Structures are given as C-alpha cells and as structure tokens.
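Now for the letters of each chain:
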Amino acid sequence: MSDDQHAKGSMSYLMEMGALKRAKRSGWWIVGVKDPETIAEHSFRTAVIGSVLAMLEGADPAKVALLCTFHDTQETRVGDIPWVGRRYLKAAKNEDVTADQVANAHPAVAAGIRAVVEEYETGDSLEVMVAHDADKLECMIQGIEYLEQGYSNAQEWVDTTRAKLKTASAIELADAAQDMRSADWQRVYLR
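What this report covers is the structure whose coordinates are included nearby. This one's a predicted model, so the numbers in the text were calculated from it and none came from an experiment. (Residues numbered from 1 in each chain as written. Predicted model: local features only at pLDDT ≥ 70, side-chain atom pairs only at ≥ 80, totals over all residues. Heavy atoms only, no water.)

Description of the environment of M17
Test applied: Going along the chain from the N terminus, every DSSP run of H or I of four or more residues is numbered as a helix, and every run of E of two or more is numbered as a strand. Per-residue accessibility, obtained with a 1.4 Å probe over protein chains only, is compared with the maximum for each type, and a residue is labelled buried under 20%, exposed over 50%, and partly exposed between these values. Contacts are assigned to residue pairs with any non-hydrogen atoms lying within 4.5 Å of each other.
Tracing the sequence through the fold places M17 in helix α1 (residues 3–17). Among the residues examined, M17 registers a relative accessible area of 15% and is labelled buried. Separated by 84 residues in sequence, M17 and Q101 have C-alpha atoms that sit 9.8 Å apart. If we ignore the near neighbours within four places in the chain, the residues touching M17 are T73, T76 and Q101.

Structure below.
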C-alpha cells in the first residue's frame, strides 16, 4: 500500500472511533435507563479510573489508560451487547474485530492497536487486571449515578460489578463510592 492509502486507512479508523461518541451503552436499557451514556463517555472515565487505580496499585498508569481507552473500540461494529444478550449471540472475538478495523491503517498503527487489544483481552499483567477493574468500577459508579436518577433496577448492576473487583484499591474505592452521591466531590473542596 502507498503512504496515501495508509494515511486514509488510519484516518478511516479514527473516523470510525467517532461513532463511539454516538453509540449508547445499551445494557442500561435493561434496567430502564432511557438515555444511557455513550461508549466513548464510558471509555473516557474508565481510562481516568484506570490511571488512578494504577497509581494506587503500583502499575503503569499510562499503560492502563491505553488499555482502557481501546477496550471497547470494537463496539462500533458489534454494538454494546449486554451480558444477557451474550447468551444468545456468538460475537466475533474483539481481537478479530480490531484486526478488521485497522486492516488498512499504517502498519505501525495496525500493529500497535492490535497489540493493545490483544493484551487487554488475553494478558495477565497487573496493568491488565487494573484495566479490567477500572471497567467494572466505572460501571458500578455509573450505576450509582443512575440510582440517584431514580433507576432502582440499577442496584443489581452495582452489586454484581462490585463483586467482580479484584484489586484492593478498586474494592476500597468501590466501598467509598457506596456512601457518596455524585455531587459530593465538590463538597470536598468547599469545606
């Protein structure tokens, strides 16, 4: 491929990622949330949470943020399939979706993105464990926010994602979140 074709392939991937700003996290519809957050909104906070957890756990914050940033990028093609839906669907592996997404990108871009997704999906490093906990902790926090908005069915999601946390820091932050409201952050600074 020519440099021009690689540039267009790389840009095509970047443009596709824009769809994550419009695609809703459809699993929340199961609990009645009418207008859930987008996949991009989820991924952003997951990356921030992952960085914080990495700092607390002694992992590499930049690596964890990178893993978290790319963890749901395949959903531009397969959507956000809730856990109950996965019982009935045989979705492609995220690594395979990613390979298709970056097939025409510059070889360095394609290799780099494939490596990040492969590590997130199959790795067993501290960074991967922290990234997975960040994904679950973000879901739990989002559930708490939906509970505040009156979506009482979100409690089960809060409880089940909380129970899947593995790192001590994620568990400690989850415990702290249980006693907070989403606007409590500002009170820390107004004292």
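What to know about the packing of helix α2 (residues 39–57) against helix α3 (residues 61–70)
Formally: Interaxial angles span 0 to 180 degrees and are taken between N-to-C directions of axes, which are lines fitted to C-alpha atoms, for helices over the stretch in contact. Roughly parallel means an angle under 35 degrees; roughly antiparallel, over 145; roughly perpendicular, 65 to 115; everything else is oblique. Note: crossing handedness is left-handed where the near helix turns anticlockwise from the far helix by less than a right angle, and right-handed where it turns clockwise. As a working rule, the residues Ala, Val, Leu, Ile, Met, Phe, Trp, Tyr, Cys and Pro are called nonpolar, Asp, Glu, Lys and Arg charged, and the rest polar, with Gly in that last group.
As a packed pair, α2 and α3 sit with axes 8 Å apart at the nearest point and diverge in direction by 155°. Compared by their axis directions, α2 and α3 come out roughly antiparallel. In terms of crossing hand, the pair formed by α2 and α3 is right-handed. Of the residues in α3, those in contact with S43, T46, A47, G50, S51, A54 and M55 of α2 are P61, V64, A65, C68 and T69. Looking at the contact of α2 with α3 residue by residue, the classes come out as seven nonpolar, five polar and no charged.

Here we look at a nonpolar patch on the surface
We count it as follows: Within this analysis, patches are made of residues with over 30% relative accessible area and no salt bridge. Like charges are joined at 9 Å or less; nonpolar side chains (Val, Leu, Ile, Met, Phe, Trp, Tyr) at 5 Å or less. Each accessible area is a Shrake-Rupley result for a 1.4 Å probe, and residues are judged covered by the shown protein chains and nothing else. Counted as salt bridges are all cases of a side-chain nitrogen of Lys or Arg within 4 Å of a carboxyl oxygen of Asp or Glu.
The grouping of F44, V48, V52, L56 and L173 at the surface amounts to a nonpolar patch, some 440 Å² of accessible area in total. Take the nonpolar patch: its biggest share by element is four residues, from α2. Along the chain, L173 turns up in helix α10 (residues 168–178). Under the relative-accessibility criterion, L173 is labelled partly exposed at 32%.

A short note on helix α9 (residues 154–163)
Counted only if it meets this: The arc under discussion is defined with respect to the helix axis, by the directions toward the C-beta atoms.
What α9 keeps buried is the set A154, W157, V158 and T161. Along α9, the residues classed as buried sweep out an arc of 100° about the axis, all on the same side. Away from its buried face, by an angle of more than 90 degrees, α9 presents the exposed residues E156 and A163. At its buried positions, α9 is contacted by α8 (126–148) and α10.

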